[in-house]
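# Observations on chain architecture
Each chain is listed here by its residues.
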Amino acid sequence: MPTEIMSTKRSTGAEMRRRETQSKVIQDRITATETHLGQLCDVTSSYTRKTARLRDKGDMMAKQLMEFAEMEKWNPTMTQGMIRFAENLSAVQDHREAQVKRLEGKVVSPLVNYGLLCKQTKNDLRSAFTASDKEMNQKKKLETLKSKSPNDRQKITQLESELQRASLDASRSSKALEQQVDSFESKKLVDMKKIMREFVTVEMHFHAKALELYTQCFQTLNDIDPEADLEEFRKQLRPDGSIRSDIARSASQASLESRSNSDPGTPRALPRPGSHQATPNLTNHSTQGSAATNRRKIPVPPIPTIGDDDSEEEDEDDDDDDDDDDYDSEEDDYTETVTEKSTRRR
């Protein structure tokens, strides 16, 4: 009998220590899971909020690009390119909005629910600890009674029965806690796999759509022709000046052609009647006239020649004599006109 009691005490003590160690491990495990999943939930929530902010900034950027395109009316290719670019960028933000909603529904919410699940598991763990503590208290009471009054069999039996019930409750709570912790661990593993797969799927879907739209944005930018826009800007900058310069150039060319057709040669300007150049110098002409009157013709004796040469030279001498007579008559007439004008002035 004493040997059976001793073996029962040893088994009960070992079972209690085992349950106590197991409860401590479970408690540490649940606390660590709650801590890390809570931090992951905070980070994921921050990621989702930053994505929503990025969506808002993308919408603002698309709006500014649209306003810029409306202002750039002098650059047609730039205007069309910026309009299409803004539309594609706005479409990217629409997909980012869907990304935010999917992250909130499929990633953040399950992680938030794990906080409640961890709290529920910790409450169940406390109930198991309460049963174990009750068993420990009943055991201490029985040992104290046996040491003080070992002959009081009635109280000892009563405490032994209470200790037995407390042990059954503790073992039942321990088994229930083991099952609950096992299901918690299994659910955590499956859910974490599912949550991370949902996160990757959401990101891949968004980036696939974004890559398609950004490719269209890149092609739109390639269609912009800076040289054509610059030429159009130059035309819009000075439309009137170019037309006026063309008109002035054509008018000047027409006037030059008309002048060249009407005036083939440039005539010499005739002196006016009252100008200084038209008035003759009386003194010079009078002196020239007197010199002409005093001039006498000196006859040149003919040179005898032979044959036709003599006749040709005679003809030339006759022509020279005629020229000298004409010259003398012209000088006499000029002298008479000058002397008449001088007498009139006097």
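Structure first, text after, so check above.
Anyway, here's the lowdown on the structure attached to this text. (Residues numbered from 1 in each chain as written. Predicted model: local features only at pLDDT ≥ 70, side-chain atom pairs only at ≥ 80, totals over all residues. Heavy atoms only, no water.)

Take the overall build of the protein next. A count of helical and extended segments in the protein gives 7 helices and 0 strands. For the protein, the sequential pattern of α-helices and β-strands runs α-α-α-α-α-α-α. The proportion of buried residues among the 346 residues of the protein is 22%. Here the analysis covers contacts within the protein between residues at least 6 apart in sequence; of these, 85% occur between residues at least 24 apart. Counting only carbon and sulfur atoms, one obtains 54% of the accessible surface of the protein, whose full area is about 25,400 Å². (Helix = DSSP H or I, 4+ residues; strand = E, 2+ residues; numbered from the N terminus. Buried < 20%, exposed > 50% of the residue type's maximum accessible area, 1.4 Å probe, protein only. Contact = heavy atoms within 4.5 Å. Areas by Shrake-Rupley, 256 points an atom, 1.4 Å probe, with all protein chains shown as cover.)

Ranked by size, the top nonpolar core spans 16 residues in total, and within it I26, I30, V107, L111, L177, V181 and F184 carry the most contacts. Sorting the residues of this core by element identifies α1 (2–71), α2 (76–148) and α3 (153–222) as the ones contributing at least two each. When residues in this core are grouped by element, the largest group, 7 residues, is from α2. With near-sequence residues (within four places) excluded, L111 lies in contact with L37, L40, C41, T44, M192 and I195. Ranked by size, the runner-up nonpolar core spans 9 residues in total, among them A62, A69, M82 and L89. (Core = buried A, V, L, I, M, F, W, Y, C linked by side-chain atoms within 4.5 Å.)

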